[in-house]
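# Reading the structure
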Amino acid sequence: MTTGVDPETEELLALLEDEYARTIIVETYREAQSADALSDACDADPSTVYRRIDRLQERGLLRDQQRLDPNGHHYKVYVASLEHVGIDVTEDGFDVAVEYAEEDAADTFTRLYEEFSG
């Protein structure tokens, strides 16, 4: 039986079906979260959370930001890039549209700086 869903869409839907991935998106939609905070929110092992973070970043649904703690150390926090997912039924199957949150100018500058500085 054909479902009318391309492999990329199938991958996205499978990812959104995952409870940990959904929790990470919701938690990071509200505010930036560290991997430790996400591990607590998911009640999951950090390695499980990092695997989901990687998958979400590969799909462009999550991005990271560098933060500076009071001791001068850097650490990453994660922010949801996903704003909306719409699914329409068509004669050919399903049409899935994803809307992404826009990155603010300061975050864009920081990301570009980090990419260029290695």
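So, here's what we can say about the structure. (Residues numbered from 1 in each chain as written. Predicted model: local features only at pLDDT ≥ 70, side-chain atom pairs only at ≥ 80, totals over all residues. Heavy atoms only, no water.)

### What about the overall build of the protein?
The line we're drawing: Secondary structure elements are defined from DSSP: runs of H or I of at least 4 residues count as helices, runs of E of at least 2 residues count as strands, and each element is numbered from the N terminus. Here's how the labels work: a residue is buried when its accessible area is under 20% of the maximum for its type, exposed when over 50%, partly exposed in between, all with a 1.4 Å probe on protein chains only. We call two residues in contact when some of their heavy atoms are within 4.5 Å. Per-residue and other accessible areas were derived by the Shrake-Rupley procedure at a 1.4 Å probe size, with only the shown protein chains allowed to occlude residues.
For the protein, the count of helices and strands is five helices and four strands. In sequence order, the protein lays out its α and β elements as α-α-α-α-β-β-β-β-α. In the protein, buried positions account for 31% of the 118 residues. At a minimum sequence separation of 6, the contacts of the protein that also span at least 24 residues come to 44%. Total accessible area computed for the protein in this model is approximately 8,000 Å², and 47% of it derives from carbon and sulfur atoms.

### Some thoughts on helix H2 (residues 19-30)
The condition is simple: Under the convention used throughout, the expected extent of a helix is 1.5 Å for every residue step, that is, one less than its residue count. Contacts described as polar in this section are N or O atom pairs within 3.5 Å, which, within protein, must combine one atom able to donate a hydrogen with one able to accept it, while residues neighboring in sequence count only if both atoms come from side chains.
With twelve residues, H2 should reach 16 Å at 1.5 Å per residue; the first-to-last C-alpha distance of 17 Å fits that figure. Looking at the buried residues of H2, the elements they touch are helix H1 (7-17), helix H3 (35-42), helix H4 (46-58), strand S1 (62-68), strand S2 (74-80) and strand S3 (82-90). Residue Asp-18 occupies the N-cap position of H2, its side-chain oxygen lying 3.0 Å from the main-chain nitrogen of Tyr-20.

### With respect to the side chain of Thr-48
If you trace the backbone, Thr-48 turns up in helix H4. In this structure Thr-48 comes out as buried when scored by relative accessible area, which is 13%. A polar contact of 3.2 Å, which involves the side chain of Thr-48, links it to the side chain of Arg-51.

### A look at unusual backbone geometry
The residue Asp-43 is not glycine, and still its phi comes out positive at about 50°. Judged by relative accessible area, Asp-43 falls into the exposed class, the value being 71%.

### Some details on the pattern of salt bridges
To be explicit about the condition: Salt bridge, as applied in this entry: a Lys or Arg side-chain nitrogen positioned within 4 Å of an Asp or Glu carboxyl oxygen.
Counting across every chain of the model gives four salt bridges. Of the charged contacts in the structure, one is a salt bridge between Arg-59 and Glu-8, with a shortest N-O distance of 3.9 Å. With Arg-59 in the loop between H4 and S1 and Glu-8 in helix H1, the pair connects residues that are 51 residues apart, well separated along the chain. With a relative accessible area of 51%, Glu-8 lands in the exposed category. A salt bridge links Arg-52 to Asp-18; the shortest N-O distance between them is 3.0 Å. Placement of Arg-52 in helix H4 and of Asp-18 in the loop between H1 and H2 is noted, with a sequence separation of 34 residues between them. For Asp-18, a relative accessible area of 17% gives the class buried.

That is the geometry; function is a separate question.
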